[in-house]
There are 4 protein chains.
Amino acid sequence: MLSINRLSQSEARILINGAERKAEEIGVPMCIAITDESGNLIAFKRMDGGKIHSITIAQDKAFTAASACKGTHEYNEACVPGNKNYLFGIQTALGGRLSIVGGGLPVLVDGNVVGGIGISSGTPQQDMSCAQAGIEYFEKYNL
Amino acid sequence: MLSINRLSQSEARILINGAERKAEEIGVPMCIAITDESGNLIAFKRMDGGKIHSITIAQDKAFTAASACKGTHEYNEACVPGNKNYLFGIQTALGGRLSIVGGGLPVLVDGNVVGGIGISSGTPQQDMSCAQAGIEYFEKYNL
Amino acid sequence: MLSINRLSQSEARILINGAERKAEEIGVPMCIAITDESGNLIAFKRMDGGKIHSITIAQDKAFTAASACKGTHEYNEACVPGNKNYLFGIQTALGGRLSIVGGGLPVLVDGNVVGGIGISSGTPQQDMSCAQAGIEYFEKYNL
Amino acid sequence: MLSINRLSQSEARILINGAERKAEEIGVPMCIAITDESGNLIAFKRMDGGKIHSITIAQDKAFTAASACKGTHEYNEACVPGNKNYLFGIQTALGGRLSIVGGGLPVLVDGNVVGGIGISSGTPQQDMSCAQAGIEYFEKYNL
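It should be emphasised that the depicted structure is a prediction, and the values quoted were computed from it without experimental measurement. (Residues numbered from 1 in each chain as written. Chains lettered and ligands numbered in written order. Predicted model: local features only at pLDDT ≥ 70, side-chain atom pairs only at ≥ 80, totals over all residues. Heavy atoms only, no water.)

**Regarding the side chain of Thr92(A)**
Alright, step 1. One can find Thr92(A) in the loop between helix H3 (72-78) and strand E4 (104-109).
Alright, step 2. When its relative accessible area of 11% is taken as the criterion, Thr92(A) is described as buried.
Alright, step 3. Of the polar contacts made by the side chain of Thr92(A), one reaches the backbone oxygen of Gly89(A); its length is 3.0 Å.
Alright, step 4. Not counting residues up to four positions away in its chain, the partners in contact with Thr92(A) are Gln91(B), Thr92(B), Gly95(B) and Gly96(B). (Helix = DSSP H or I, 4+ residues; strand = E, 2+ residues; numbered from the N terminus. Buried < 20%, exposed > 50% of the residue type's maximum accessible area, 1.4 Å probe, protein only. Polar contact = N/O pair within 3.5 Å; in protein donor to acceptor, adjacent residues only side chain to side chain. Contact = heavy atoms within 4.5 Å.)

Now the structure itself:
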């Protein structure tokens, strides 16, 4: 039997709060998705004004980051055509659900994935900064 | 009437065993999928720690390799934008089910496709080496 | 943080072996799928002669049973039209991935779901008996 | 290694010809799909006036009949709500690709499935009669 650690609802809320504070600071209403370590949704918040298509993309980013145990932007850097050692083409896997756009990060505790956070509605850089802010807030306030 | 040769369940297991040995050797828990010559799944193994999104991708690689009778990395090399003689764009076919990421190989017996093997969870190189190891193990131990 | 128990690969194999023994006993080659507690595939075996459409249905049954923590046949009994207290209509949820046909059972340890088993290729009764045989074999041989 | 018999293109054409003759006799332009034993399309003909939605349904019927080794109308009879031993709910499996509407028949040679035929555009009875006519024509003229 495997023993798995998974984000609880209260921990998911801490992640959302951290991301939301950053979103408010930069003035971009975001879609914020938190998944468990298996990529299944735990919590979601579309801030007033968050974009419709970002509802799905935020979830896809969180799913991808949790499943792959890396940031979605890392996939983006490896998706360059014309090099068979690269990952070009993976961006259409799972009907496009595998997201390679920055803004998804795995949530790690003691080196193990316990969930994923995905942000969408801004530029990739804005999305990434909010995802990172969620992670940092979680690491600071989740004792 | 056409006469077709198809991997049996026991042969599929040989392929999985060969791939798994390589995966253990390189220390990467893999998703390993074996399809028949028509691309339909025969056997699947997610080694403990294999990635969630790789469940689908491993199957898609095996499907693509069996159907196309070539390695998925060959599609990758041909998916370069801006050349009408190349295959760029095929990576989105079948809702993304056609995989162009390395790690899928056809299983050939006497020059005919009898199945496909698809590996996912590592880098394309790691996935390709495990797929190749499965093929070699099959060729060695399947009399 | 939540602590989750999840079937390992070796435990998944015990479930498959138990189901396969029953399938051989009744002479029906089955598709056998094992998922983890989150409904993600761990292991799959299409016995020689297992049906093509059952590849997906077996996985869907295991997913549904693990997710719902009940047998898929229980959903079937509740899917009767014309009673607002019943579940009729749920059979189309998730693009039909939610299966209400008998043959899916949750795998429980100490009252908690650790995975799901799904069987397809026979009648619902045959599928159910093989799923049950898998569970019983697991309970007997998994110390 | 399994040895499989599969309809050839010329045999698929015989099946289409038989179905088309019946369709002309009853005055209903049909969509006629022939799959191999794995449910993959070999040949398709939309007679002038055949319905658009039937393009997909004819293929789904042929796929289902080949995969299940029975007529799609047999599934229809078993899809009655409120009996857990019945198959109600299976009609939505595979995103609805599993068809339970009459008009799909397996193509058998020496008791083994070698393909499937699916007809759509008329009533289920009309579709079934054309599928049956295709089978009979095949059995008569395919020496």
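**Brief notes about the pattern of salt bridges**
Two side chains carrying opposite charge are able to pair once their charged atoms lie near each other.
Alright, step 1. As enumerated under the stated definition, the model contains 26 salt bridges over all chains in all.
Alright, step 2. Taking the shortest distance from any N to any O, the salt bridge between Asp36(A) and Arg6(A) comes out at 3.6 Å. Of this pair, Asp36(A) sits in strand E2 (residues 31-36) while Arg6(A) sits in strand E1 (residues 2-6), and the two are 30 residues apart along the sequence.
Alright, step 3. On the accessibility criterion, Asp36(A) (7% relative accessible area) is buried.
Alright, step 4. Given the relative accessible area of 11%, Arg6(A) is considered buried.
Alright, step 5. With a closest N to O distance of 3.4 Å, Glu25(D) and Lys22(D) form a salt bridge. Of this pair, Glu25(D) and Lys22(D) are both found in helix H1 (residues 9-26), 3 residues apart, which corresponds to roughly one turn of the helix.
Alright, step 6. Salt bridges here are not isolated pairs; linked through shared partners, they connect Arg6(A), Asp36(A), Glu37(A), Arg46(B), Arg6(C), Asp36(C) and Glu37(C). (Salt bridge = Lys/Arg side-chain N within 4 Å of Asp/Glu carboxyl O.)

**Some remarks on the relation of the copies chain D and chain C**
Alright, step 1. Take chain D, turn it by 92 degrees, move it 0.2 Å along the axis, and it overlays chain C with an RMSD of 0.1 Å. Taken together, the rotation and translation relating the two chain copies correspond to the operation of a four-fold axis. Residues of chain D ranked by C-alpha distance from the rotation axis are headed by Gly95(D), positioned 3.5 Å from it. (Least-squares fit on C-alpha atoms with pLDDT ≥ 70 in both.)

**Observations concerning the relation of the copies chain D and chain B**
Alright, step 1. For the match of chain D to chain B, the screw axis carries a shift of 0.1 Å, the RMSD comes to 0.1 Å, and the turn is 179 degrees. Considering both components of the superposition, the chain copies are consistent with a two-fold axis. The C-alpha atom lying nearest the rotation axis in chain D is that of Ile4(D); the distance is 2.4 Å.

**Let's talk about helix H4 (residues 124-141) of chain B**
Residue and element names in this part refer to chain B.
Alright, step 1. The terminal C-alpha atoms of H4 lie 26 Å apart, and with 18 residues this matches the ideal 26 Å at 1.5 Å per residue to within 8%.
Alright, step 2. Within H4 the residues assigned to the buried category are Pro124, Asp127, Met128, Cys130, Ala131, Ala133, Gly134, Ile135 and Phe138.
Alright, step 3. Next to the buried residues of H4 lie helix H1 (9-26), helix H2 (52-68), helix H3 (72-78), strand E4 (104-109) and strand E5 (112-120). (Expected span 1.5 Å × (residues − 1).)

**Remarks on the interface of chain D and chain C**
Alright, step 1. With 22 residues of chain D at the contact, the number on the chain C side is 21 residues.
Alright, step 2. Taken together, the two surfaces of chain D and chain C that pack against each other cover about 1,800 Å², and 64% of this comes from carbon and sulfur.
Alright, step 3. Linking chain D with chain C are 0 salt bridges.
Alright, step 4. Across the contact surface, chain D and chain C share 6 residue pairs in polar contact (both at pLDDT 80 or more). (Buried area = accessible area lost by both parts, 1.4 Å probe.)

**What to know about the sheet that holds strand E2 (residues 31-36) of chain C**
Alright, step 1. Taking strand neighbours across the sheet as the criterion, the 8 strands line up as E4(B)-E5(B)-E2(B)-E3(B)-E3(C)-E2(C)-E5(C)-E4(C) in an open arrangement whose pairing is antiparallel. Since the sheet does not close on itself, it has two edges, and those belong to E4 of chain B together with strand E4 (104-109) of chain C, each with one partner. Ignoring strand direction, the axes of neighbouring strands in this sheet form an average angle of 20 degrees.
Alright, step 2. Pairing of strand E2 (residues 31-36) of chain B with strand E3 (residues 41-46) of chain B involves 5 bridges; the strand directions are antiparallel. When the bridges of E3(B) are listed, Ile34(B) appears paired with Ala43(B). (Pairing = 2+ DSSP bridges. Axes fitted to C-alpha atoms, helices over the stretch in contact; angles between N-to-C directions.)

**Some thoughts on the interface of chain D and chain B**
Alright, step 1. Contacts between the two partners involve 15 residues from chain D, matched on the other side by 15 residues from chain B.
Alright, step 2. Counting the surface lost from both chain D and chain B, the interface buries some 1,300 Å², and carbon and sulfur atoms represent 52% of this.
Alright, step 3. Note that Arg6(B) is salt-bridged to Glu37(D), the shortest N-O span being 2.5 Å.
Alright, step 4. Our count for the contact surface shared by chain D and chain B stands at 10 residue pairs in polar contact (both at pLDDT 80 or more).
Alright, step 5. Ranked by the residues each element gives to the side of chain D that touches chain B, the list is headed by strand E1 (residues 2-6) of chain D, at 5 residues.

**Let's talk about the environment of Leu98(D)**
Alright, step 1. Here Leu98(D) shows up in the loop between helix H3 (72-78) and strand E4 (104-109).
Alright, step 2. You can call Leu98(D) buried: its relative accessible area is 1%.
Alright, step 3. Sequence separation between Leu98(D) and Ile14(D) is 84 residues; the distance between their C-alpha atoms is 25 Å.
Alright, step 4. Excluding its chain neighbours within four sequence positions, the residues that come into contact with Leu98(D) are His53(C), Ile57(C), Thr64(D), Tyr75(D), Ile90(D), Gln91(D) and Ala93(D).

**Some words on the confidence of the model for chain A**
Alright, step 1. Here chain A averages 95 in pLDDT, while 99% of its residues score no lower than 70.
Alright, step 2. The complex model carries a pTM of 0.96, and its ipTM stands at 0.95. (pLDDT = per-residue confidence, 0-100.)

**Examining the pairing of E2(C)**
Residues and elements named next belong to chain C.
Alright, step 1. Across the 6 residues of E2, 6 count as buried, placing the element largely inside the fold.
Alright, step 2. Along E2, one buried face is formed by Cys31, Ala33 and Thr35 and the opposite face, lined by Ile32, Ile34 and Asp36, is buried too.
Alright, step 3. As consecutive antiparallel partners, E2 and strand E3 (residues 41-46) are separated by 4 residues, and within that stretch Gly39 has a phi angle of approximately 90 degrees, a positive value.
Alright, step 4. Relative to strand E5 (residues 112-120), E2 runs antiparallel, the two sharing 6 bridges. If you follow Ile32 over to E5, its bridge partner there is Ile119.

**So, the sheet that holds E2(A)**
Residue and element names in this part refer to chain A.
Alright, step 1. The 4 strands are arranged E3-E2-E5-E4 in an open sheet whose pairing can be described as antiparallel. Since the sheet does not close on itself, it has two edges, and those belong to strand E3 (41-46) and E4, each with one partner. Across the sheet, the mean angle from the axis of one strand to that of its neighbour is 15 degrees, orientation sign disregarded.
Alright, step 2. Lying over the sheet, helix H2 (residues 52-68) contacts E2, E3, E4 and strand E5 (112-120), oriented at roughly 160 degrees with respect to E5.

**Quick look at unusual backbone geometry**
Residue and element names in this part refer to chain B.
Alright, step 1. In this structure, Leu94 takes a positive phi of about 55 degrees despite not being glycine.
Alright, step 2. Even without a glycine there, the phi angle at Asp110 is positive, about 55 degrees.
Alright, step 3. Relative to the helices and strands, Asp110 is located in the loop between E4 and E5.

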